[in-house]
Structures are given as C-alpha cells and as structure tokens.
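Spelled out, the chains give:
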Amino acid sequence: MTRKIITRIAVSIAAVLVLSSCRVDSDITLAVKPNGTGTISVVITADKAIVAKAPGLKADIRTDDLVAAGWKVQGPTDTKDGGLTISLTHDFMGPAEATALLGQINGTRGPLHEMVMTRTGKDTNSTYTLAGRLEVNGGLSAFADDATLNLLGAAPYAADVQAAGLDLGDAVGITFNANLPGKVNSTTGQTTDGVITWRVPMDGTPTSLATSVTNVDIASSISRFAKVLVLGLLYLWIIASVILILMVLRARNRRRPTPRI
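Predicted model, so just to flag it, every value in this text is computed and none were measured. (Residues numbered from 1 in each chain as written. Predicted model: local features only at pLDDT ≥ 70, side-chain atom pairs only at ≥ 80, totals over all residues. Heavy atoms only, no water.)

1. A closer look at the pairing of strand S4 (residues 84–92)
Two faces, one strand: in a regular strand the side chains alternate between the faces of the sheet.
Item 1. Among the nine residues that make up S4, seven are buried, leaving the element largely enclosed by the rest of the structure.
Item 2. Bridge count between strand S2 (residues 38–46) and S4: nine bridges; the pairing is antiparallel. Each bridged residue has a counterpart across the sheet, and for Val-42 the counterpart in S4 is Leu-88.
Item 3. Examined bridge by bridge, strand S3 (residues 72–78) and S4 share five bridges and lie antiparallel to one another. The partner of Val-73 across the bridge, within S4, is Leu-88. (Buried < 20%, exposed > 50% of the residue type's maximum accessible area, 1.4 Å probe, protein only. Helix = DSSP H or I, 4+ residues; strand = E, 2+ residues; numbered from the N terminus. Pairing = 2+ DSSP bridges.)

Next up, the structure:
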C-alpha cells in the first residue's frame, strides 16, 4: 500500500523539530485547465541546516511506491543554498480524479480535510468550486501514519518536542495553491497573478478553502457564433441564388418571341 505523500516525510519533519533551528517547507499546487484536466504537484524543501545535521536524509527518502502509483518524482536534489528538495507531480483527467489525488497527498490526519473539487456548466461557461479546510491537529500526529502510531504508541519524537518546548510552525511550513481557470467569484485565500494561496495554520486553527470561479471561453463562444453565422449566410446565399436563377429563367421566357404560323 502506498504511504501518503505528506506522511512519507513524517520522520524527517519530526527530526527537524528535534534538531531545532531547521525548517521544512511544502508547497502543494492544484493547477486546473479550462477543460477540467490538470496537474497536482508537491514540492518539499529542507533547508541547509537539516542537510548539515542529517547528512543521510537524501539517501533515506524512498519513492519507488509513489512512482508505481503514477507520481512523477524529481529528486531529491541539492538546492543552491545547500538544502534539499523533491518534487512530485501527477496529472488528472477531471475533478473527480483531482479529488482522489488530494486524498493521496493527505492521508487520514494530514492538513487537507474533506477536499473536493467540482465542475458544473458547459464547456464554454464552467463554474469550478473548491471545498475543504486546512487544519493540523495533534501536532506531530498529523504527520504520522497509522502504522507508525500503532507501533510507537505516539508520534515520533513527540516527547522530545514537548520537552524542548518547540513550536511546530517554526519548523514546518505548508502552503496550498490553487490555479483555477476563469474569474474568481469568491475565495477565502489570497489571489496573486491568478493563483489563490493559503498558508496552513500549525496551531489547530481551521481554515476554509471555499472558492468559486467561473470560466467563460470567449474564443470558443465566438467561434461557435461565427460557425452559425457562416452557415446562416450560406443558406441565404443558396436561397438567393435559386431565386436569381428563377428570375433569369422567367425573364428569358418573357422575351422569347411567339412563333408565326
């Protein structure tokens, strides 16, 4: 069974907290095309402090089962500032598949809750809605899978983190981005250059993702109107041609002289 993507990094995140002064940032992006297809990507970056204190981290990340599940993996690779990054992407053919993939990212207790994307309307006039909430409950337990919790009886390093008085938000950052086609009707996120962004709170505060956008394909609408117009003009031309031919034939019949006996 494929482990969830965010829980896949659970041990690394826990180690980050124990190491202190280190940070892991994750960017989750939902990019949707006007026809409803698109791509989901997850980019996870560990800073150079983690690489310095955990030099074996790069070798410890395993992605074989993610590849088998259809995810494209790039990395882990070194960043310019000495950190480490890994990129995961997966295409989808429609809103239902996108919803399922968001569930793969999250797991049972991750930061993405009840995520659903829907599309209604016609191809040239569609409304996309994104529902769900961002919420991290239970500290490190939110990033540990069921098998880990059952084995250890608690999240990895939870006791160490509590004893050190460390703040989860200082070490872990998660950003969710939605690039939806069309004009934004309403959203709870921040919109910049067409991309809607939310930061996941680490203190258990829930954040709604309620978003609605409407995409009107003007070019396609004009094209369809043009086709109807051209077809109508063609019919009129045919009718006019027939009328003209009949008029010419009638005029010729009138001009034809009457034969003498």
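2. So, the nonpolar core
Item 1. Leu-30, Ile-40, Phe-92, Ile-105, Met-117, Phe-176 and Trp-198 are the most contacted members of the largest nonpolar core, which totals 39 residues.
Item 2. Elements with a minimum of two residues in this core: strand S1 (24–32), S2, S4, helix H6 (95–106), strand S5 (112–122), strand S6 (125–134), strand S7 (172–179) and strand S10 (195–199).
Item 3. With sequence-adjacent residues up to four places away left out, Ile-40 is seen in contact with Thr-29, Leu-30, Trp-71, Leu-88, Thr-89, His-90, Phe-92, Ala-98, Leu-101, Leu-102 and Ile-105. (Core = buried A, V, L, I, M, F, W, Y, C linked by side-chain atoms within 4.5 Å. Contact = heavy atoms within 4.5 Å.)

3. Digging into the sheet that holds S3
Item 1. The strand order across the open sheet built from seven strands is S3-S4-S2-S1-S7-S10-S9, with neighbouring strands paired in mixed fashion. What marks the edges here is a single partner per strand, and that holds for S3 and strand S9 (190–192). Mean inter-strand twist for the sheet, computed between neighbouring axes without regard to direction, equals 20°. (Axes fitted to C-alpha atoms, helices over the stretch in contact; angles between N-to-C directions.)

4. A closer look at the pattern of salt bridges
Item 1. In this structure the tally under the stated criterion is two salt bridges.
Item 2. Among the salt bridges present, the one from Arg-133 reaches Glu-114, with a minimum N-O distance of 3.5 Å. Separated by 19 residues along the polypeptide, Arg-133 in strand S6 and Glu-114 in strand S5 bring together distant segments of the chain.
Item 3. Residue classification places Glu-114 among the exposed positions, given a relative accessible area of 62%.
Item 4. Of the residues examined, Arg-133 reaches a relative accessible area of 26% and is grouped as partly exposed. (Salt bridge = Lys/Arg side-chain N within 4 Å of Asp/Glu carboxyl O.)

5. Digging into the environment of Leu-84
Item 1. Examined against the element boundaries, Leu-84 turns out to sit in strand S4.
Item 2. Given the relative accessible area of 6%, Leu-84 is considered buried.
Item 3. Separated by 40 residues in sequence, Leu-84 and Ile-44 place their C-alpha atoms 8.3 Å apart.
Item 4. In contact with Leu-84, not counting residues within four places along its chain, are Ile-44, Thr-45, Ala-46, Val-51, Leu-57, Lys-58, Pro-76, Thr-77, Asp-78 and Thr-79.

6. Some thoughts on unusual backbone geometry
Item 1. Note the cis peptide between Gly-75 and Pro-76, where omega equals 5°.
Item 2. Here Pro-76 lies in strand S3.
Item 3. With a phi angle near 55°, Asp-193 is a residue other than glycine that sits in the positive phi range.
Item 4. Locating Asp-193 in the fold gives a position in the loop between S9 and S10.

7. Focus: the packing of aromatic side chains
Item 1. In total, this model carries one aromatic pair according to the counting rule given.
Item 2. Consider the rings of Phe-176 and Trp-198, whose centres lie 5.9 Å apart with planes at 45°: the pair is tilted. In this pair, Phe-176 sits in strand S7 while Trp-198 sits in strand S10, placing the two residues 22 residues apart along the sequence.
Item 3. Relative accessible area serves as the criterion here: at 3%, Trp-198 is assigned to the buried category. (Phe/Tyr/Trp six-rings, centres within 6.5 Å; stacked < 30°, edge-to-face > 60°.)

It is worth stressing that arrangement in space is one thing and function is another; only the former is reported here.
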